[in-house]
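Remarks on the overall topology
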Amino acid sequence: MKNLRTVITAALVIALSSLGLGAASAADSTAKHCTGTSGTAAPATRAAAQPVTVWLAGDSTMANPGSARCPVGWGSQFDALFTSDVTVRNQAVGGRSIQTWLYEGNVSGTKGSDGECRLTSTAYSARWQAMLNASTGMKAGDYLFIQFGINDSSSTCPRHVGPARYRQLMTTMVQAALARGAHPVLLTPVAAITCSGGTATKNRGFVNETFAVGSATGAPVVDLQSLSVSLYNSLRFCPHNGDYGSGPVGAFFCNDHTHFETYGAQRIAGLVAGDVRRQNLPLAGHLG
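The structure contained in this document is the topic of the report that follows. If you're wondering where the values come from, they're calculated on a predicted model, not measured in any experiment.

Overall, the coordinates contain 17 aromatic pairs when judged by the stated rule. Each ring, one from Y232 and one from F252, has its centre 5.7 Å from the other, and the planes form 85°; the classification is edge-to-face. Of this pair, Y232 sits in helix α6 (residues 224–234) while F252 sits in helix α7 (residues 247–252), placing them 20 residues apart in sequence. For the pair Y232 and F252, one class covers both residues: buried. By the ring-pair criterion, three or more aromatic residues cluster together here, those being Y232, F237, F252, F253, F260 and Y263.

Now the structure itself:
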C-alpha cells in the first residue's frame, strides 16, 4: 500500500511539474512575441534631435552679404547645408582682424613696444559679449567656427596682429567656447585666386598659428586654404588673364580675385561641410 501511495505521489509531482513548465514556456513565448525574439525590451523611440546653434566669427569672406550683389561670404550659405534643427548665427564682419573683431572700437592706430596695436580698453565688442551671454549666447552642444588671418596680416594698426598675439586671441576664443560646453572649430583663411602658370597657389598667412592653437587646445582645424586652392585647381582657374569679371572665375569671384559671388560662396561652404564630415565631427550628423 505504501508503495502504491509513493507511485501515485510521484506521478502527481511529474504531472504538476509538466503543467508548470508548460505555463512558463507559454509565458516566455508571449513575452518574446511582445518584445522581440531576443527576449529583451524593445528599444525606445529615438528622441528628437536637440537644436544646435553654429556661431561664426570671421571676416568678409565669411560674412553675410550687404546691399551689394558681391561680396557674399561663405557663412551666409552654410545654414542651407544642415537639417532644420541647426541654426547658423553668422557674426563675421568685413574688414576685421581677430583683434578688431574682439575689441571693436578699442584698438588704437599705434603700436606698442611689443609691435602690437595698443588697446584703449579691454572691453569686448558687443558681438563677442552677446556670444558669451549665459542665457542667449553659446550653450553646451553649440559650435563656434573661427576664421581670421586675412586682414590680420596688415602692417598698420588697428588691423595688424602678430603671430603670437594671433595665437593668444584665438586661444581665448577657443577656451571661452569650451568653458560653455560648446565645440570650437578653427579654419585657416580661405585663399584668393592667384596663379603660378597653370597652378593656383596658396596666398594666406596665419596657417601655422591656426594649427598650433588647434594642437594646443584639441580644437579641430579645417584647412580651408588648402581645400580652396585644391578646388580652384580642379576647376582649372589657372592660368588666368587677370579679368576677374567674366568666365568661370568671374562666376566664382567678385571682380577683386578675393571675395565671392553667390556660387563661389556656396562652393566654399560645401568645402567646410565636407571637411566636417571627413573629420567625423558630431556636427556631421546634422548635415542634410
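With that settled, the discussion passes to the state of the cysteines. Inspection of every chain in the model, using the stated rule, returns three disulfides. The disulfide partner of C117 is C157, and the gap between their sulfur atoms is 2.1 Å. Taking the torsion about the sulfur-sulfur bond, which here is approximately -95°, the covalent link between C117 and C157 counts as left-handed. Of this pair, C117 sits in strand β4 (residues 117–119) while C157 is found in the loop between β5 (143–147) and α4 (163–179), placing the two residues 40 residues apart along the sequence. Residue C157 is classed as buried on the basis of its relative accessible area of 14%. Shown here is the disulfide that connects C195 with C238, its sulfur atoms set 1.9 Å apart. Taking the sign of the S-S torsion, about -80° here, the bridge from C195 to C238 comes out left-handed. Here C238 lies in the loop between α6 and α7 and C195 lies in strand β7 (residues 195–196), a separation of 43 residues in the sequence.

Let's shift gears to the pattern of salt bridges. For the coordinates displayed, the defined rule picks out five salt bridges. Among the salt bridges present, the one from R69 reaches E261, with a minimum N-O distance of 2.3 Å. Taken together, the residues R69 in the loop between β1 (52–58) and β2 (86–90) and E261 in the loop between α7 and α8 (262–278) connect sequence positions 192 residues apart. Taking relative accessible area as the criterion, R69 reaches 60% and is therefore assigned exposed. One salt bridge in this structure joins K139 and D142, with 3.0 Å as the shortest N-O distance. A network of salt bridges, in which partner residues are shared, links R96, E104 and R127.

Definitions and cut-offs
- Residues numbered from 1 in each chain as written.
- Predicted model: local features only at pLDDT ≥ 70, side-chain atom pairs only at ≥ 80, totals over all residues.
- Heavy atoms only, no water.
- Phe/Tyr/Trp six-rings, centres within 6.5 Å; stacked < 30°, edge-to-face > 60°.
- Helix = DSSP H or I, 4+ residues; strand = E, 2+ residues; numbered from the N terminus.
- Buried < 20%, exposed > 50% of the residue type's maximum accessible area, 1.4 Å probe, protein only.
- Disulfide = S-S within 2.5 Å.
- Salt bridge = Lys/Arg side-chain N within 4 Å of Asp/Glu carboxyl O.

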